[in-house]
Each structure stands twice: as C-alpha cells, then as structure tokens.
Amino acid sequence: MYVHRVRPGQTRVPEPGETTAEFDVIVSPRRAGAPYRQKPSDLSRSLLLSTGGTSSVTNQLVRPGLVVREPDPGDGRGTQIRLTLEGVELAERAVAASAAAHHEHWANLPTTAVAQAAESLRALTSPETAVDMTKGRSR
C-alpha cells in the first residue's frame, strides 16, 4: 500500500494492494480502536468513498485475510468490517511508515511553517468549517 498521500512510490509498506483507498480502509478501523471494526456505511462516509467503492476495496482486502465481514452485533440485518490480526499488524506498519514519511517530508521546513500548516489543517477539519460532501455546503 502506498503510504497515505506522501510522495507515492517513495516510501511503501510492502503488502498486498497499491491504493490510497486500501490504506484508508485498513487504517480507519484501527483509528476507531478495539475491536477494530466499522459498519461499511460509516467507512464510506468517513472516507468519502461510494458504497460500491467501499465494497470493492473490502473485497480486495478480504482475499488476503486482512479484513473479515461479520454480523453487526447491534443490528442483525447489517454487517461490519473487522480487521484480522494480520490487518491490525499491517495497519500498525502502515501508520508507522506514513508517520516516518510525513516526518521526512516536513523535516527541512522551519518550525513556524510547520506550526502554521498544522493550524490551517486543524481549521479545515474542524466541525465548524467542515463541508458535508453529500450536500456540498458547510454544516
């Protein structure tokens, strides 16, 4: 998988898959915490993927045993996507590789520039300024 949006092809996690979508689907349940699972609809919404796209990426990750689909304990009609032990280990390696690539990417910038960029990114991702992509306007 490519390290998430940092110089694709330069720093890589040598595992199945080559897309940012696969990275995102592996890392998202890890971010959610144990037991490392999410509803497909929540994955789609948080990653800005179509439900069909999420299903396709999930299928690609099921084959090598990185994720499994299992019944949703809170809704007998639904399923959840859960990382396997191999998926959790890959997510950990991917996050570490991504962090290292980000650190390398930002290492030669002045501290003030990094602080300003971080503040700008926080402003972009805050709930007050977030854009609902399904409606195309601010929340």
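Source: prediction; values computed, not measured. (Residues numbered from 1 in each chain as written. Predicted model: local features only at pLDDT ≥ 70, side-chain atom pairs only at ≥ 80, totals over all residues. Heavy atoms only, no water.)

1. Some words on the packing of helix α1 (residues 20-32) against helix α4 (residues 85-106)
- Relative orientation of the contacting elements α1 and α4 amounts to 105°, with a least axis distance of 9 Å. Overall, the two elements α1 and α4 adopt an arrangement that is roughly perpendicular. Where α1 abuts α4, its residues F23, I26, V27 and R30 lie against G87, L90, A91, E92, A94, V95 and S98.
- Of the residues contributing to the contact of α1 with α4, the split by class is seven nonpolar, two polar and two charged. (Axes fitted to C-alpha atoms, helices over the stretch in contact; angles between N-to-C directions. Helix = DSSP H or I, 4+ residues; strand = E, 2+ residues; numbered from the N terminus. Parallel < 35°, antiparallel > 145°, perpendicular 65-115°, else oblique. Contact = heavy atoms within 4.5 Å. Nonpolar A, V, L, I, M, F, W, Y, C, P; charged D, E, K, R; others polar.)

2. Some remarks on the side chain of D72
- Along the chain, D72 falls in strand β2 (residues 67-72).
- Overall, the relative accessible area of 7% leaves D72 in the buried class.
- Among the polar contacts listed, one links the side chain of D72 to the side chain of Q80, at a separation of 3.3 Å. (Buried < 20%, exposed > 50% of the residue type's maximum accessible area, 1.4 Å probe, protein only. Polar contact = N/O pair within 3.5 Å; in protein donor to acceptor, adjacent residues only side chain to side chain.)

3. Things to note about the sheet that holds β2
- In space, the three strands of this open sheet follow the order β1-β3-β2, with antiparallel pairing throughout. The two strands at the open ends of the sheet, each matched to only one other strand, are β1 (37-38) and β2.
- Sheet topology note: the β2/strand β3 (residues 75-83) ladder contains six bridges and is antiparallel. The partner of R69 across the bridge, within β3, is I81. (Pairing = 2+ DSSP bridges.)

4. Considering the confidence of the model for the chain
- Here the chain averages 80 in pLDDT, and 79% of its residues register 70 or above.
- Here strand β5 (residues 137-138) stands out as the element of the chain with the lowest mean pLDDT, 49, in contrast to β2, whose mean of 94 is the highest.
- Low pLDDT (under 50) marks residues 1-9, which in the prediction has 34 contacts with non-local residues, meaning those over four places away or in another chain. (pLDDT = per-residue confidence, 0-100.)

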